[in-house]
Amino acid sequence: MLTDYAWLWDDDDLKLSINPDEYYAVAEEANGNLTLAHRDDGRLLLFAPDHAFVNVTPLAGSPPYSLLTIDHVPNLAAWIEVCASAWR
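Residues numbered from 1 in each chain as written. Predicted model: local features only at pLDDT ≥ 70, side-chain atom pairs only at ≥ 80, totals over all residues. Heavy atoms only, no water.

Asker: I keep staring at the overall build of the protein and nothing clicks. Help me out?
Answerer: For the protein, the count of helices and strands is two helices and five strands. When its helices and strands are written in sequence order, the protein yields α-β-β-β-β-β-α. Compactness check: the protein gives a C-alpha radius of gyration of 13 Å against a globular reference of 12 Å for 88 residues, within 12% of the reference. For the protein, the C-alpha atoms occupy an extent of roughly 45 × 30 × 20 Å along the three principal directions. For the protein, long-range pairs separated by at least 24 residues make up 37% of all intrachain contacts whose partners lie at least 6 apart in sequence. For the protein, the computed accessible surface area is about 5500 Å², with 53% contributed by carbon and sulfur atoms. Separation between the mean location of the 4 positive side-chain charges and that of the 14 negative ones in the protein comes to 7 Å. (Helix = DSSP H or I, 4+ residues; strand = E, 2+ residues; numbered from the N terminus. Rg over C-alpha atoms; globule rule 2.2 N^0.38 Å. Contact = heavy atoms within 4.5 Å. Areas by Shrake-Rupley, 256 points an atom, 1.4 Å probe, with all protein chains shown as cover. Lys, Arg positive; Asp, Glu negative; His and termini not counted. Charge placed at Lys NZ, Arg CZ, Asp CG, Glu CD.)

And the structure:
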């Protein structure tokens, strides 16, 4: 998944700041954006090379439009609650 986008980091002379094997996709958008959860602690990341989101923050050491955190949504459980509230 992220290895297909290695050029995002290469273009900015950066190294991928996470181990992709430690994450799994919990949601995939039609445009290829992924919501990722850490296998051990549920930490949530958004991989969004194609987005217009607000309330997201680039992950330290990552180029713009790559790995992001969702403000005030630190983990999978919180993300599920936010989504469930939106669906009500």
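Next comes the rest of the write-up.
Asker: Sorry, what's going on with the side chain of S66 here?
Answerer: Inspection of the secondary structure assignment puts S66 in the loop between β4 (56-58) and β5 (67-70). When sequence neighbours within four positions are dropped, the list of residues in contact with S66 reads L8, W9, L46, F47 and A48.

Asker: For this particular structure, what's the right way to read the side chain of H38?
Answerer: Examined against the element boundaries, H38 turns out to sit in strand β2 (residues 34-38). According to the relative accessible area criterion, H38 is buried, its value standing at 11%. Of the polar contacts made by the side chain of H38, one reaches the side chain of D41; its length is 3.3 Å. Residues in contact with H38, not counting those within four places in the same chain, are E22, Y23, Y24 and R43. (Buried < 20%, exposed > 50% of the residue type's maximum accessible area, 1.4 Å probe, protein only. Polar contact = N/O pair within 3.5 Å; in protein donor to acceptor, adjacent residues only side chain to side chain.)

Asker: It is not clear to me how the sheet that holds strand β1 (residues 23-28) should be interpreted in this structure. Could you clarify?
Answerer: Pairing between the strands of a sheet is mediated by backbone hydrogen bonds and can be parallel or antiparallel. Here five strands make up an open sheet; going across it, the order is β1-β2-β3-β5-β4 and the pairing antiparallel. For this open sheet the edge positions go to β1 and β4, each flanked by a neighbour on one side alone. Ignoring strand direction, the axes of neighbouring strands in this sheet form an average angle of 35°. The sheet contact formed by strand β3 (residues 44-47) and β5 spans two bridges and is antiparallel. (Pairing = 2+ DSSP bridges. Axes fitted to C-alpha atoms, helices over the stretch in contact; angles between N-to-C directions.)

These figures capture arrangement, not role.
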